[in-house]
Amino acid sequence: MNPLSPTGRAKNLKMLDRKQIFLVSMVFCLLVALVAVWQVLSTATMETEYLAHASELKVLSQSVAKNASESANGKSGAFTQLNDVRAKFGEIWEEIIEGSDRSGMTANSKFARGASEEIKTLGVRWSRVSTNADTILYGEDKVLDLHELVGTLSEIIPKLQAEYQNVVKLLIRSQAPADQIQKAERQIFLAERMLRNINKILEGTEESVGATDMFGKDATRFGRVLNGMLVGDAGISVRKVEVRRAYESLIEISDEFLEVNDSVDEILEIAPQLKKDR
């Protein structure tokens, strides 16, 4: 049959009519279903909002812990993320307590009253977490400075060790006094312990307090012995090194140690902040 003939056109129109009727029927059914869903949701909206908020708070609390840890580890971007997450948590928490026109939640609703003890406990804990987050964010510059300092010292101290090992070899080869060789070897040990302790300082644990104190004492001792080997120091029984090549190495060590020495006071000042952040 020719679709353009009168009979063909009539048949096509009938098919289109049937499709339109079918489509209208489907839309009507969809509307009926949507109305039914809306009626159910309209009575459960408040509970749904509370459940959604509770789920989001759980996710955010995990993010707070993650970003707080990364902040203490010196990851600069974590501070911004911590601030954002804390603000979002606070916003949701306020909606639960005070209500929200945006979400349709009301203050002191039956859902909040039904979990009053849990909400009270969570409120106390959130207050503590928020305060700790403030402490971390307040100390951002100091924490990042400390990590930068430690990174620098982690590169310098191994060089001091290597240079002092060379000094020991030169002193032994030149048959220098045994006590002088012994003190040079002791410097290698002090440098190693300083390196260990600055890494412990970054951990921000109870052990970090002792590590900070020991680092300061070792750095002071290292610097005094080094200076004694250059100019002599009767007060600690260190004689000036007379072996020329060893002396030249000591001058190089002294130049490199200046940065370590300049960092000691700053590390001693900042390290307690890192412990607070943990």
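Residues numbered from 1 in each chain as written. Predicted model: local features only at pLDDT ≥ 70, side-chain atom pairs only at ≥ 80, totals over all residues. Heavy atoms only, no water.

> Is there a simple way to explain the overall build of the chain in this structure?
Tallying secondary structure elements over the chain gives eight helices and two strands in all. Ordered by position from the N terminus, the helices and strands of the chain form the series α-α-β-β-α-α-α-α-α-α. The 278 residues of the chain split such that 37% are buried. In the chain, 70% of the contacts between residues at least 6 apart in sequence involve partners at least 24 apart. (Helix = DSSP H or I, 4+ residues; strand = E, 2+ residues; numbered from the N terminus. Buried < 20%, exposed > 50% of the residue type's maximum accessible area, 1.4 Å probe, protein only. Contact = heavy atoms within 4.5 Å.)

> I'm lost on the confidence of the model for the chain in this one. Help?
Detailed reading of the predicted model is not advised wherever pLDDT is low. Confidence in the prediction of the chain, expressed as mean pLDDT, is 76, and 72% of residues score 70 or more. Taking the mean pLDDT of every element in the chain, the minimum, 55, falls on helix α1 (residues 6-72) and the maximum, 92, on helix α6 (residues 178-201). Low pLDDT, under 50, characterises residues 2-28; the stretch is placed with seven contacts to residues that sit more than four places away or in other chains. Low confidence marks residues 30-44, where pLDDT is under 50. Its contacts with residues over four positions away, or in another chain, come to zero contacts. (pLDDT = per-residue confidence, 0-100.)

> What's the story with the pattern of salt bridges in this structure? I'm lost.
Opposite charge on two side chains allows them to pair when their charged atoms are near. For the structure shown, the criterion picks out 10 salt bridges. Note that K66 and E70 form a salt bridge whose closest N and O atoms lie 3.4 Å from each other. With K66 and E70 both in helix α1 and four residues apart, this pair spans about one turn of that helix. Exposure remark for E70: the relative accessible area of 19% places this residue in the buried category. Notably, a salt bridge pairs E70 with K75, separated by 3.5 Å at the nearest N-O pair. Using a relative accessible area of 45% as the deciding quantity, one classes K75 as partly exposed. (Salt bridge = Lys/Arg side-chain N within 4 Å of Asp/Glu carboxyl O.)

> Which parts of the structure should I look at to understand the environment of A184?
Examined against the element boundaries, A184 turns out to sit in helix α6. By relative accessible area, which is 0% here, A184 ends up buried. Placed 42 residues apart in sequence, A184 and L226 show a C-alpha to C-alpha distance of 8.5 Å. The residues touching A184, leaving out its near neighbours within four places in the chain, are Y164, V167, V168, L171 and M229.

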